[in-house]
Amino acid sequence: MPPTPVPADVDEFLRRANPAVVASLRPDGSPHTVATWYDWEDNRVLLNMDEGRLRLGFMRLDPRVALTVLDEADWGNHVSLLGRVASLEEDLGLVDIDRLARRYTGQPFRRRERRRFSAWVEVTRWHGWSGAGHWPTDS
């Protein structure tokens, strides 16, 4: 798995609003995975979650996470990112979830009655797959 920063073509891929799955670690070490919205900025990933989500508690206990981003048009193309939650803070004013909702739906987030939390993940390693082989710049 190559270290970051990612090459320009991977950066471009991650800037698109593709489907993604985030993995966090349960206290027993087993993975917990869930589909998620994300954003990509300066080799970091923005995630956002409702106050009641299991992954929020898991990230508080163990900051190690992985995110797999799937090409919306061809799931055979994907990039997986490994890293650590560097910042986990309440999303006051729902600014970050609005950012993600606009990215994926074009509209602000509609459910505004519950607290939400934002996680910034610093990515340390990545790998990609394109069709039948490694992402062309993944060495």
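Everything here concerns the structure above.
What this report covers is the structure whose coordinates are included nearby.

Quick notes on the rules
- Residues numbered from 1 in each chain as written.
- Predicted model: local features only at pLDDT ≥ 70, side-chain atom pairs only at ≥ 80, totals over all residues.
- Heavy atoms only, no water.
- Helix = DSSP H or I, 4+ residues; strand = E, 2+ residues; numbered from the N terminus.
- Rg over C-alpha atoms; globule rule 2.2 N^0.38 Å.
- Buried < 20%, exposed > 50% of the residue type's maximum accessible area, 1.4 Å probe, protein only.
- Contact = heavy atoms within 4.5 Å.
- Areas by Shrake-Rupley, 256 points an atom, 1.4 Å probe, with all protein chains shown as cover.
- Lys, Arg positive; Asp, Glu negative; His and termini not counted.
- Charge placed at Lys NZ, Arg CZ, Asp CG, Glu CD.
- Arc of directions from axis to C-beta.
- Salt bridge = Lys/Arg side-chain N within 4 Å of Asp/Glu carboxyl O.

## Section: the overall build of the protein chain
Then step 1. A tally of regular secondary structure across the protein chain gives 3 helices and 8 strands.
Then step 2. Secondary structure elements in the protein chain, listed N-terminal to C-terminal, are α-β-β-β-β-α-β-β-α-β-β.
Then step 3. On C-alpha atoms alone, the protein chain measures out to a radius of gyration of 15 Å, which is about the 14 Å that the 2.2 N^0.38 rule sets for 139 residues.
Then step 4. C-alpha extents for the protein chain along the principal axes are approximately 45 × 40 × 25 Å.
Then step 5. Within the protein chain, the fraction of its 139 residues that count as buried is 42%.
Then step 6. Residue pairs at least 24 apart in sequence account for 69% of intrachain contacts in the protein chain once pairs closer than 6 positions are excluded.
Then step 7. Only carbon and sulfur atoms are counted for the fraction: they give 52% of the accessible area of the protein chain, which is about 7,400 Å².
Then step 8. A gap of 5 Å separates the mean positions of the 19 positive and 21 negative side-chain charges of the protein chain.

## Focus: helix H2 (residues 54-61)
Then step 1. For H2, every residue scored as buried is listed here: Arg 55, Leu 56, Phe 58 and Met 59. The arc enclosing the buried residues of H2, seen along the axis, measures out at 165°, which places them on a common side. Across from the buried face of H2, at angles greater than 90 degrees, the exposed residues are Leu 54, Arg 60 and Leu 61.
Then step 2. Residues of H2 that are buried make contact with strand S1 (20-25), strand S2 (31-36), strand S4 (44-50), strand S5 (64-70), strand S6 (78-90) and strand S7 (116-130).

## Describing unusual backbone geometry
Then step 1. In this structure, Asp 42 is a non-glycine residue whose phi angle is positive, near 55°.
Then step 2. For Asp 42, the location among the structural elements is in the loop between strand S3 (39-41) and S4.
Then step 3. Phi is positive for Asn 43, close to 60°, though the residue is something other than glycine.
Then step 4. Mapped onto the elements of the fold, Asn 43 is located in the loop between S3 and S4.
Then step 5. Among the residues examined, Asn 43 registers a relative accessible area of 23% and is labelled partly exposed.

## Some remarks on the pattern of salt bridges
Then step 1. Scanning the entire structure with this criterion turns up 12 salt bridges.
Then step 2. Of the charged contacts in the structure, one is a salt bridge between Asp 71 and Arg 16, with a shortest N-O distance of 3.8 Å. Taken together, the positions of Asp 71 in the loop between S5 and S6 and Arg 16 in the loop between helix H1 (8-14) and S1 put the pair 55 residues apart, joining distant regions of the chain.
Then step 3. Here Asp 71 falls in the buried class, since its relative accessible area comes to 13%.
Then step 4. Linking Glu 51 and Arg 115 is a salt bridge whose minimum nitrogen-to-oxygen distance equals 3.8 Å. Of the two residues, Glu 51 is situated in the loop between S4 and H2 and Arg 115 in the loop between helix H3 (95-105) and S7; the sequence distance between them amounts to 64 residues.
Then step 5. Taken together, the salt bridges that share partners define one network made up of Asp 39, Glu 41, Arg 44, Arg 99 and Arg 103.

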